[in-house]
Amino acid sequence: MKLQRSTVIPLLLLAYLGVMSYIGFPEYRQGHYLYYFGVIGVTLIIIGILHLFLKKRERLRHENNKRPTS
């Protein structure tokens, strides 16, 4: 089974977010809770939207390839 682009790219971005969250953990310890979780939350929303967009793009591409050309 081939991994789809709509799965691989968001997974890589989630791994990157995990590393950046670890690096930014001192901000959390300093008491900047809203900043720390705000950045993580906005990034998760963007990754989710990207996943949905890529899924739709793959579906449309698949439907166009199925359609016979005349």
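These numbers were taken from a predicted model, which means no experiment stands behind them.

Undergrad: Mind laying out the overall build of the protein chain, listing which residues take part and the relevant values?
TA: A count of helices and strands for the protein chain gives 3 helices and 0 strands. Listing every helix and strand of the protein chain by position from the N terminus yields α-α-α. What you see for the protein chain is a C-alpha radius of gyration of 18 Å, clearly larger than the 11 Å of a compact globule of 70 residues, by over 25%. Seen through its principal axes, the protein chain has C-alpha atoms that stretch 65 × 20 × 10 Å. By the burial criterion, 13% of the 70 residues in the protein chain qualify as buried. Carbon and sulfur atoms provide 67% of the accessible area of the protein chain, an area that totals close to 6,200 Å².

Undergrad: I'd like to hear about helix H1 (residues 5-23), residue by residue, with values.
TA: Between its first and last C-alpha, H1 extends 27 Å over 19 residues, near the 27 Å set by a 1.5 Å rise per residue. Within the span of H1, buried status applies to Ser6, Pro10, Leu17 and Ser21. Viewed along the axis of H1, the buried residues span an arc of 35°, placing them on a single side of the element. Exposed and oriented more than 90 degrees from the buried face of H1 are Arg5, Leu11, Leu12, Tyr16, Tyr22 and Ile23. Looking at the packing, one finds that the buried side of H1 touches helix H2 (25-29) and helix H3 (33-66).

Undergrad: Outline the environment of leucine 11, supporting the account with residue identities and numerical values.
TA: Among the structural elements, leucine 11 can be located in helix H1. Considering only alpha carbons, one finds leucine 11 and glutamate 63, 52 residues apart in sequence, at a separation of 25 Å.

Undergrad: Describe the packing of aromatic side chains, and please don't skip the residues or the numbers.
TA: Inspection of the entire model under this criterion finds 6 aromatic pairs. Taking 5.4 Å as the distance between ring centres and 80° as the angle between the ring planes, the aromatic pair formed by tyrosine 28 and phenylalanine 37 counts as edge-to-face. On the basis of relative accessibility, which here comes to 46%, the residue phenylalanine 37 falls in the partly exposed class. The structure contains a cluster of three or more aromatic residues connected by ring pairs, namely Phe25, Tyr28, Tyr33, Tyr36 and Phe37.

Undergrad: Tell me about a positive patch on the surface, and name the residues and values.
TA: Residues Lys2, Arg5, Arg57 and Arg61 make up a contiguous surface patch of positive charge. Structurally, arginine 61 can be placed in helix H3.

The rules behind these values
- Residues numbered from 1 in each chain as written.
- Predicted model: local features only at pLDDT ≥ 70, side-chain atom pairs only at ≥ 80, totals over all residues.
- Heavy atoms only, no water.
- Helix = DSSP H or I, 4+ residues; strand = E, 2+ residues; numbered from the N terminus.
- Rg over C-alpha atoms; globule rule 2.2 N^0.38 Å.
- Buried < 20%, exposed > 50% of the residue type's maximum accessible area, 1.4 Å probe, protein only.
- Areas by Shrake-Rupley, 256 points an atom, 1.4 Å probe, with all protein chains shown as cover.
- Expected span 1.5 Å × (residues − 1).
- Arc of directions from axis to C-beta.
- Contact = heavy atoms within 4.5 Å.
- Phe/Tyr/Trp six-rings, centres within 6.5 Å; stacked < 30°, edge-to-face > 60°.
- Patch = residues over 30% accessible without salt bridge, like charges linked within 9 Å, V, L, I, M, F, W, Y side chains within 5 Å.
- Salt bridge = Lys/Arg side-chain N within 4 Å of Asp/Glu carboxyl O.
- Lys, Arg positive; Asp, Glu negative; His and termini not counted.
- Charge placed at Lys NZ, Arg CZ, Asp CG, Glu CD.

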